[in-house]
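# Structural overview for review
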Amino acid sequence: MAKTLKSRTGRFVAGAVLVGAVLGVVVVLQNSAEQRSWASTEGVVQERLKSGKSVSVKVEYRLPDGSKQVATLSENGPARLPGERVSVRYDLREGRVADAALADNDQAHRVAGIMFGVVALGALFASLVAWTPPRRRD
């Protein structure tokens, strides 16, 4: 394995994977921090929708001006049943909801961050192996 990593292609691949993993970690952390800055309110699950392996919930919640919003949001945490109260984060731009998510979406960001972190550490190790000079035979 070490001989293939020492090749020009091996070095390029190890470096590309390292750069991709680091960029992935940055994007996940940036999205997570952005969502935490959004306003939060309580909503009620109206129905649970399944499409293949993905599950989403239709949630009704109120905005500060008193208007009601209904949004279909991804369910990444525990299963939510109709009638259950949930916390919803939303991003207002020019008085309109630009994006919304269930507040327990932080769990998905943590999992993605950990996955990218493990890949980054593996790629860093592979890069170190790829770029170390070969041992001299005396």
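Higher on the page you've got the structure.
Described in the following lines is the structure provided in the data block. (Residues numbered from 1 in each chain as written. Predicted model: local features only at pLDDT ≥ 70, side-chain atom pairs only at ≥ 80, totals over all residues. Heavy atoms only, no water.)

### Topic: the nonpolar core
- One finds Val45, Val57, Val59, Tyr61, Leu63, Ala71, Leu73, Val86, Val88, Tyr90, Ala100 and Leu102 forming the largest nonpolar core, which totals 12 residues.
- Sorting the residues of this core by element identifies β2 (54-62), β3 (68-74), β4 (85-93) and β5 (96-102) as the ones contributing at least two each.
- Not counting residues within four places of it along the chain, the set of residues in contact with Tyr90 comprises Trp38, Ala39, Ser40, Thr41, Tyr61, Leu63, Pro64, Val97, Asp99 and Ala100. (Core = buried A, V, L, I, M, F, W, Y, C linked by side-chain atoms within 4.5 Å. Buried < 20%, exposed > 50% of the residue type's maximum accessible area, 1.4 Å probe, protein only. Helix = DSSP H or I, 4+ residues; strand = E, 2+ residues; numbered from the N terminus. Contact = heavy atoms within 4.5 Å.)

### Here we look at the pairing of β2
- Across eight bridges, the pairing between strand β1 (residues 39-51) and β2 is antiparallel. Of the residues in β2, the one forming a bridge with Val45 is Val59.
- Hairpin connection between β1 and β2: a loop of two residues separates the two successive antiparallel strands, and Gly52 in this loop has a positive phi of roughly 65 degrees.
- In this structure, β2 lies alongside β3, joined through seven bridges in antiparallel fashion. From the neighbouring strand, Tyr61 faces β3, where its bridge partner is Gln69.
- Counting the residues that bridge the hairpin from β2 to β3 gives five residues, and of these Gly66 lies at a positive phi of roughly 95 degrees. (Pairing = 2+ DSSP bridges.)

### Overview of a nonpolar patch on the surface
- A contiguous nonpolar patch, built from Phe12, Val13, Val17 and Val119 and spanning about 370 Å² of accessible area, is present on the exposed surface.
- Counting residues per element, the nonpolar patch draws most heavily on helix α2 (residues 8-36), at three residues.
- Take Phe12: it is sitting in helix α2.
- Of the residues examined, Phe12 reaches a relative accessible area of 63% and is grouped as exposed. (Patch = residues over 30% accessible without salt bridge, like charges linked within 9 Å, V, L, I, M, F, W, Y side chains within 5 Å. Areas by Shrake-Rupley, 256 points an atom, 1.4 Å probe, with all protein chains shown as cover. Salt bridge = Lys/Arg side-chain N within 4 Å of Asp/Glu carboxyl O.)

### Section: the sheet that holds β4
- The strand order across the open sheet built from five strands is β3-β2-β1-β4-β5, with neighbouring strands paired in antiparallel fashion. At either margin of the open sheet sits one strand with a lone partner, and together these are β3 and β5. Taken over all neighbouring pairs, the strand axes of this sheet differ in orientation by 40 degrees on average, direction set aside.
- Where β4 lies against β5, six bridges are found, and the strand directions are antiparallel. (Axes fitted to C-alpha atoms, helices over the stretch in contact; angles between N-to-C directions.)

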